[in-house]
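These are the residues of each chain, in order.
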Amino acid sequence: MYCSQCGQEIIETARFCSNCGLPVPQKEELNYVMNHDAVENIQQKLKEIDNRKKDSVKKDNVLKSAINVAKKGVTAIDSAFDHSFEEEKLNDKKQLILDYPLPTSPKALANFAKYIDSVIVSQKRKPDALTDTWKEKLKQIYHFAEKQFSTTEAFVEIKKYYNDNDRREKRLAIRSAIGEYAPFLLFALLLVLCFFLA
């Protein structure tokens, strides 16, 4: 177990951190909060945002959206309202993900990283508006773990998720670049073939 304030390793029976003096949570409380709540809690909070009613939209967001829609020549206030509502929910989800507190035990942090990696992998074929936010959270976890738990097995696991994500990003960039230039490459290949066959 490690201190949530200074990162010092703490003996399981200790009531206070020997380095900074921070009180150590009781074992039952620590196990429940750190291992159980992180994934379930963020999932629950994201569902709450999804289930929010439209009448909770901030009026100034509706007005801004209505002005933008009106500028485009569309006069449908309902459309602006719906757009504003969805945009507000998306921004709230992004903020929740980025600001969500990280578990302080190495194993719970690794479990949280595993969950985030599974979310990113599930969105691989069809990334949604939150994919980049989840990637940023995984990066946040990696850097926190690197500072606090770099000598633990949990860090090795977190590093694996982080590196896997990085490799996926690079492959995606290469595929995107190839896809962008594929017509030109195909045309050049046909020209070369015609030249050699002639």
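Residue positions are given per chain, counting from 1 as you read along its sequence in written order. In keeping with the predicted nature of the model, local features appear solely for residues at pLDDT of at least 70, side-chain atom pairs appear and are counted solely at 80 or more, and the whole-chain, interface and lining totals rest on all residues. The side-chain quantities take in all heavy atoms of the structure and omit both hydrogens and water.

*Asks:* Tell me about the pattern of salt bridges, and please be specific about residues and values.
*Replies:* Note on definitions: salt bridges are taken to be side-chain nitrogens of Lys or Arg within 4 Å of carboxyl oxygens of Asp or Glu. All told, the structure shown has seven salt bridges when counted by the stated rule. Across the pair K89 and E86 runs a salt bridge whose closest N-O atoms are separated by 3.8 Å. Separated by three residues within a single helix, K89 and E86 lie in helix α3 (residues 77-99), roughly one turn from each other. Relative accessibility thresholds used throughout: buried, under 20% of the residue-type maximum; exposed, over 50%; partly exposed, between the two (1.4 Å probe, protein chains only). Judged by its relative accessible area of 9%, K89 falls in the buried class. As a salt-bridge pair, R168 and D117 come within 2.6 Å of each other at their nearest N and O atoms. Of this pair, R168 sits in helix α6 (residues 153-197) while D117 sits in helix α4 (residues 106-122), and the two are 51 residues apart along the sequence. Across the pair, D117 and R168 agree in class, each one buried. One continuous salt-bridge network, built from bridges that share partners, spans K160, D164 and R167. Numbered from the N terminus, helices here are DSSP runs of H or I no shorter than four residues, and strands are runs of E no shorter than two.

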